[in-house]
Amino acid sequence: MRQITKIVSLLTFMLSQSIWSYSFEVGGIYYGYNPSTQTAYVTSGDKEYEGDVTIPSTVTFNGRTMNVVSIADRTFYRNQKLQSITISDGITSIGDEAFYCCTLLSSISLPKTLLSIGNNYYASQGVFYGCQSLSSIIIPDGVKCLERRTFRGCSNLVSVLLGKGVEIINDYVFDGCVSLKKVIIPSNVTTIGEAAFKGCI
């Protein structure tokens, strides 16, 4: 039984390595390539991102121009150097724990084309979990669901403007957001999950 557990752990590790490896780098941004859709996605690479980062809507590599459509899971995971990020229109999804514990991240500009923040993976700690320097954010109209723990532990988050398309605020979304003073909830919201605003004193 113990040997089976070790084999499963090894396979999980190998799979995670293959998922997060990048295909190419342009302008300090690391990209993966999806051959089935001929599109690119932003991922982590050899060097840690730092300072102010802008994610473009297209990237050209080896003479081929590709649309950039997503940010992969854990791309900026535990990044202690990232200060601001601007995500251009064209990006439609941000993966689980993409900005987990980016403690210096103070400014985030999300694109109008964004449709999902997180993949609803039950074990995920949330896309912006622990972003302690973040004070405000605007969620685009195309996003329908705030997944579990999206902003958990964002202790300096003061205001959130939810887009008109938001329907679900899942469990623990704002858990531990002790500075939160204002959340505008649109009329489309049908569900507010367990402990969604726990600790919002």
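Below you will find a few notes about this structure. (Residues numbered from 1 in each chain as written. Predicted model: local features only at pLDDT ≥ 70, side-chain atom pairs only at ≥ 80, totals over all residues. Heavy atoms only, no water.)

1. A closer look at the overall build of the protein
Worth spelling out the cut-off: By the criteria applied, helices consist of DSSP H or I runs no shorter than four residues and strands consist of E runs no shorter than two, each listed in order from the N terminus. Each residue is assigned to one of three classes by its accessible area relative to the maximum for its type, calculated with a 1.4 Å probe on protein chains only: buried under 20%, partly exposed between the two thresholds, exposed over 50%. A contact between two residues is defined here by any heavy atoms of the two lying within 4.5 Å. Computed with a 1.4 Å probe, the accessible areas rest on the Shrake-Rupley method; for each residue, only the protein chains presented here act as cover.
When helices and strands are counted, the protein shows 1 helix and 16 strands. Looking at the protein as a whole, 40% of its 201 residues qualify as buried. Here the analysis covers contacts within the protein between residues at least 6 apart in sequence; of these, 42% occur between residues at least 24 apart. Looking at the protein as shown, the accessible area adds up to about 10500 Å², and 52% of this sits on carbon and sulfur atoms.

2. Here we look at the sheet that holds strand β4 (residues 51–55)
The criterion, for reference: Only strands that DSSP links by at least two bridges are regarded as paired with each other. Orientation is described by lines fitted to C-alpha atoms, with helices fitted over the stretch in contact, and by angles between N-to-C directions that extend from 0 to 180 degrees.
Spatially, β4-β7-β9 is the arrangement adopted by the 3 strands of the open sheet, whose pairing is parallel. Two strands lie at the open edges of the sheet, namely β4 and β9 (107–109), each paired on one side alone. Between one strand and the next, the sheet's axes are offset by a mean angle of 15°, whatever the strand orientation. Sheet topology note: the β4/strand β7 (residues 82–87) ladder contains 5 bridges and is parallel. Bridge pairing in β7 places Asp52 opposite Ser84.

3. Overview of the environment of Ile55
Its location among the elements puts Ile55 in strand β4. A residue is classified by how much of its surface remains accessible, and Ile55, at 0% relative accessible area, is buried. As a C-alpha pair, Ile55 and Ile29 span 26 residues in sequence and 7.7 Å in three-dimensional space. If near-sequence neighbours (up to four positions away) are discounted, Ile55 is found in contact with Ile29, Val42, Val68, Ile71, Phe76, Ile85, Thr86, Ile87, Ser88 and Ile91.

4. Some thoughts on the pattern of salt bridges
Inclusion rule: Counted as salt bridges are all cases of a side-chain nitrogen of Lys or Arg within 4 Å of a carboxyl oxygen of Asp or Glu.
Counting across every chain of the model gives 3 salt bridges. Asp171 is paired through a salt bridge with Arg148; the nearest N and O atoms lie 3.0 Å apart. Linking Asp171 in the loop between β14 (168–169) and β15 (182–184) with Arg148 in the loop between β12 (145–146) and β13 (159–161), this pair joins segments that are 23 residues apart in sequence. The two residues Asp171 and Arg148 agree in class, both being buried. A salt bridge links Asp175 to Arg152; its shortest N-O distance comes to 2.7 Å. Linking Asp175 in the loop between β14 and β15 with Arg152 in the loop between β12 and β13, this pair joins segments that are 23 residues apart in sequence.

5. A look at the environment of Ser57
Structurally, Ser57 is set in the loop between β4 and β5 (58–61). Each C-alpha atom of the pair Ser57 and Pro111 lies 9.9 Å from the other, and the pair is 54 residues apart in sequence. Look past the residues within four positions of Ser57 in its chain and what remains in contact with it is Met66, Asn67, Val68, Ser88, Asp89 and Ile91.

6. What about empty space enclosed by the protein?
Cut-off, in case you're wondering: Cavity: a set of points on a 1 Å grid over the protein atoms alone where a 1.4 Å probe fits but cannot get out. Pocket: an open set with protein on both sides within 12 Å along at least five of seven lines, its lining residues, like those of a cavity, having an atom within 4 Å of a point. Grid points are joined across faces, edges and corners, and a volume is the space filled by probe spheres set on the points.
This structure, assessed with the given rule, holds 1 cavity of 30 Å³ or more. As for the largest cavity, its lining consists of Asp96, Ile117, Asn120, Tyr121, Ser124, Gly126, Val127, Glu147, Arg148 and Thr150.

7. Description of the sheet that holds β13
Spatial strand order, β11-β13-β15: 3 strands in an open sheet with parallel pairing. Each of the sheet's edge strands pairs with one partner strand only, and the pair in question is β11 (136–138) and β15. Each strand of the sheet is rotated relative to its neighbour by a mean of 5°, with strand direction disregarded. Strand direction decides the pairing type here: β11 and β13, joined by 3 bridges, are parallel. Residue pairing for β13: Ile137 is matched across the bridge by Val160.

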